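If you want the building blocks of each chain, they are given just below.
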There are 2 protein chains.
Amino acid sequence: MGQGDVPDIVVGRLPIYLRALKRLQADGHEITSSHELSRRLGISSAQIRKDLSHFGEFGKQGTGYHISALSNALEGILHVDREWHVALVGVGDLGRALAHYGGFVDRGFRISLLFDSDPAKIGQKIGDLTIRSLDDLAQSITENGIKMAMIATPAGAAQEVANHLVAAGVRSILSYAPIVLSIPDEVHVQYIDPVIHLQKMAFYLD
Amino acid sequence: MGQGDVPDIVVGRLPIYLRALKRLQADGHEITSSHELSRRLGISSAQIRKDLSHFGEFGKQGTGYHISALSNALEGILHVDREWHVALVGVGDLGRALAHYGGFVDRGFRISLLFDSDPAKIGQKIGDLTIRSLDDLAQSITENGIKMAMIATPAGAAQEVANHLVAAGVRSILSYAPIVLSIPDEVHVQYIDPVIHLQKMAFYLD
DNA sequence: TAGATTGTTAATCGATTAACAATC
DNA sequence: TAGATTGTTAATCGATTAACAATC
């Protein structure tokens, strides 16, 4: 039930389960089963049950799972039953798209700080938020107690930005820069690079 | 050396190796080793050697790997020693960012068709490309022999778009919509949903 | 030669699946 | 009750790692 004994790969599937449950709920379902989830997600029902069993017993024999109860439980386990404030560094095309994206808030996250190195952008507003200088990064992040950040800078700037983020107390980084970052072990990093996905699929083509 | 006998998880690491090699090359290196790659990528040297051994022998005992030779070999294995034309469906903020992104071309991909359902957008240009109606999707994709597509539509439209893409002959889809798509087994799908990554990392926070 | 590193084998480790008693 | 589905165990499957002979 703790964190240390749950395999990372299991943790990685929990958000997938949560997303599916939210969707079922939005579609008006109240009850589901490991078999129904299996069909929808392409993950075996045994695996779904085993994954959940790391955290407790959420179902009822013969019936399945009450969607809202399981959904709430997963939100608690994932710590997304609150709102995490997230800093976004790099307000180019991608950063702008992320800043405008409406899909963060109802899933536990809110972008609340924007940074860019371009003097022409500093001071500009996107929605409620003003783009700040990288010089203010450490102070703003510390003051706001921010623990999560997204990097949407060019690859060449990403490592230095990551260093500053970590120094300022950020403990989780989602990076869109196509490089592997050097980061202390206790800081979590995840990467999004669409080309990696395209190249993987190209292997199977032709 | 074929495709059927190589584990999917191994294929998934090849683009990571390729990206690291390109970077080493850009930094002026000519030779590397499984140990150096291991240090940079956080993947064990034994695993790197084992992964590569599925496809041939690329190194030299005592020396390591000639970067450009291994890089070329991986490009061939991944089929990115050519340019894949990719269709992009959904030209909102994210689609626009993808259309402007310069990082596709030198890694084997070119967005060459844009589609959107919004009549106000149809006919607009982004760079060289004109945004087309979804009504033209089947014909354009078939005519251009396009095999890969990216979906950057709202979640509600993604499944129907995917159906049309598959019907038109697309065999690999990279979807940014936060839903699992129902797709025939022979079509490859990959997903990018930043919230999934953030939620996974939130588990370890607090 | 001495040192380094590969490719590969065998051992270990961990994840997935099948099966089923419990029970709603 | 009969049917369905859970949670869990044990078996299977697959991936990672350690170790080393080969050799540059």
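Refer to the structure printed above.
Note that the coordinates shown come from a computational prediction; the quantities given were computed from them, not determined experimentally. Within each chain, residues carry numbers counting from 1 in the order of the written sequence. For this description, chains carry letters from A and ligands carry numbers from 1, given in the order in which they are written. Predicted model: local features are reported for residues with pLDDT of at least 70 only, side-chain atom pairs are reported and counted for 80 or more only, and whole-chain, interface and lining totals are derived from all residues. Excluding hydrogens and water, the side-chain figures rest on all heavy atoms present in the structure.

All right, on to the sheet that holds strand β10 (residues 188-191) of chain A then. All names here are of chain A. Only strands joined by at least two bridges in the DSSP assignment are considered to pair. The helix count covers DSSP runs of H or I at least four residues long, the strand count covers runs of E at least two residues long, and both are numbered beginning at the N terminus. The seven strands are arranged β6-β7-β5-β4-β8-β9-β10 in an open sheet whose pairing can be described as mixed. In this open sheet, the two edge strands, each paired with only one partner strand, are β6 (125-126) and β10. Inspection of the sheet shows strand β9 (residues 172-175) paired to β10 by four bridges, in the parallel sense. Bridging across to β10, L174 finds its partner in Q190.

All names here are of chain A. Taken as a whole, the second largest pocket holds about 410 Å³ of empty space. Computed over the protein atoms alone on a 1 Å grid, cavities are sets of points where a 1.4 Å probe fits but cannot get out and pockets are open sets with protein on both sides within 12 Å along at least five of seven lines; a residue lines them when it has an atom within 4 Å of a point. Considering the residues around the second largest pocket, the lining is formed by 18 residues, among which R19, K22, R23, D106 and R107 are closest to the centre. Counting residues per element, the lining of the second largest pocket draws most heavily on helix α1 (residues 8-26), which supplies five residues. The classification used treats Ala, Val, Leu, Ile, Met, Phe, Trp, Tyr, Cys and Pro as nonpolar, Asp, Glu, Lys and Arg as charged, and all other residues, Gly among them, as polar. Residues that form the lining of the second largest pocket fall into these classes: eight nonpolar, three polar and seven charged. Grid points are joined across faces, edges and corners, and a volume is the space filled by probe spheres set on the points.

Not every one of the 26 residues close to DNA strand D is listed here, only the nearest: A:S34, A:R49, A:G59, A:Y65 and B:Q47. Those atoms of DNA strand D that come within 4 Å of the protein belong to sugar or phosphate at a rate of 64%. We call two N or O atoms a polar contact when they sit within 3.5 Å, provided that within protein one can donate a hydrogen and the other can accept it, with sequence-adjacent residues counted only if both atoms are side-chain atoms. In the model, a sugar or linking oxygen of DNA strand D is placed 3.4 Å from a nitrogen or oxygen of the A:E57 side chain. Elements represented by at least two residues in the surface near DNA strand D include exactly α2 (34-41), α3 (45-53), β2 (59-60) and β3 (64-66) of chain A together with α1 (8-26) and α3 (45-53) of chain B. If you tally residues by element for the surface near DNA strand D, the top one is α3(B), at four residues. By residue class, the composition of the surface near DNA strand D is five nonpolar, 13 polar and eight charged. Near is defined per residue: the residue qualifies when any heavy atom it owns lies within 4 Å of the molecule or strand.

What follows is about the environment of A:L52. Residue and element names in this part refer to chain A. Structurally, L52 can be placed in helix α3. Residue classification places L52 among the buried positions, given a relative accessible area of 3%. Each C-alpha atom, one on L52 and one on V10, is 8.7 Å from the other, the two residues being 42 residues apart in sequence. Any two residues whose heavy atoms approach within 4.5 Å are treated as being in contact. Leave out the neighbours within four places in its chain, and L52 touches Y17, F58, Y65, L70 and L74. We call a residue buried when its accessible area falls under 20% of the maximum for its residue type, exposed when it is over 50%, and partly exposed in between, using a 1.4 Å probe and counting protein chains only.

To continue, consider the relation of the copies chain B and chain A. Comparison of the two chain copies shows a relationship of rotation about an axis with a shift along it. C-alpha atoms of residues with pLDDT of at least 70 in both copies form the basis for the least-squares superposition of the copies. Taken as rigid bodies, chain B and chain A are interconverted by a rotation of 180° and an axial shift of 0.0 Å, the fit giving an RMSD of 0.0 Å. What the rotation and shift describe, once combined, is the action of a two-fold rotation axis. Most of the interface of chain B is mirrored in chain A, where 100% of its interface residues are also at the interface.

Residue and element names in this part refer to chain B. Expected span of a helix: the number of residues minus one, times 1.5 Å. Taking 1.5 Å as the rise per residue, helix α7 (residues 155-167) with 13 residues should run 18 Å; its terminal C-alpha atoms sit 19 Å apart, in good agreement. Buried within α7 we find A158, V161, A162 and L165. Looking at the buried residues of α7, the elements they touch are β4 (84-89), α6 (137-144), β8 (148-151) and β9 (172-175). G169 occupies a position one or two residues after α7 and carries a positive phi of about 110°.

By size, the foremost hydrophobic cluster in this structure holds 95 residues, and its most contacted members are A:L74, A:F109, B:L74 and B:F109. The dominant element in this core, judged by the number of residues it contributes, is α1(B), at nine residues. Among all residues touching B:L74, those that are not within four sequence positions of it are B:L14, B:Y17, B:L18, B:L21 and B:L52. Only buried Ala, Val, Leu, Ile, Met, Phe, Trp, Tyr and Cys residues count toward a nonpolar core, and they belong to the same one when joined by side-chain atoms within 4.5 Å.

Of note in this structure, A:H79 is not a glycine but carries a positive phi near 65°. The topology assignment puts A:H79 in the loop between α4 (67-78) and β4 (84-89).

Glancing now at the sheet that holds strand β3 (residues 64-66) of chain B. Residues and elements named next belong to chain B. As summarised here, the arrangement of the three strands in space is β1-β3-β2, forming an open sheet in which the pairing is antiparallel. Two strands close off the open sheet at either side, each with one partner strand: β1 (31-32) and β2 (59-60). Relative to β3, β2 runs antiparallel, the two sharing two bridges. Paired with G59 across the two strands is Y65, which belongs to β3.

On to the packing of aromatic side chains, then. Each Phe, Tyr or Trp ring (for Trp, its six-membered ring) is paired with any other whose centre lies within 6.5 Å, and the angle between the two planes then decides the class: stacked below 30 degrees, edge-to-face above 60, tilted in between. Inspection of every chain in the model, using the stated rule, returns six aromatic pairs over all chains. Considering the side-chain rings of A:Y101 and A:F104, the 5.1 Å spacing of their centres and the 90° angle between planes classify their relative orientation as edge-to-face. Among the aromatic residues, ring-to-ring pairing joins A:F55, B:F203 and B:Y204 into one connected group.

In the region of DNA strand C, 26 residues are neighbours, and A:Q47, B:S34, B:R49, B:G59 and B:Y65 sit closest. Counted by atom, the contact set of DNA strand C within 4 Å of the protein is 64% sugar and phosphate. A:R49 is positioned with one of its side-chain polar atoms (N or O) 3.2 Å from a base nitrogen of DNA strand C. B:S34 has a polar side-chain atom sitting 2.5 Å from a phosphate oxygen of DNA strand C. Contributions of two or more residues to the surface near DNA strand C are made by α1 and α3 of chain A together with α2 (34-41), α3, β2 and β3 of chain B. Its residues assigned to classes, the surface near DNA strand C comprises five nonpolar, 13 polar and eight charged.

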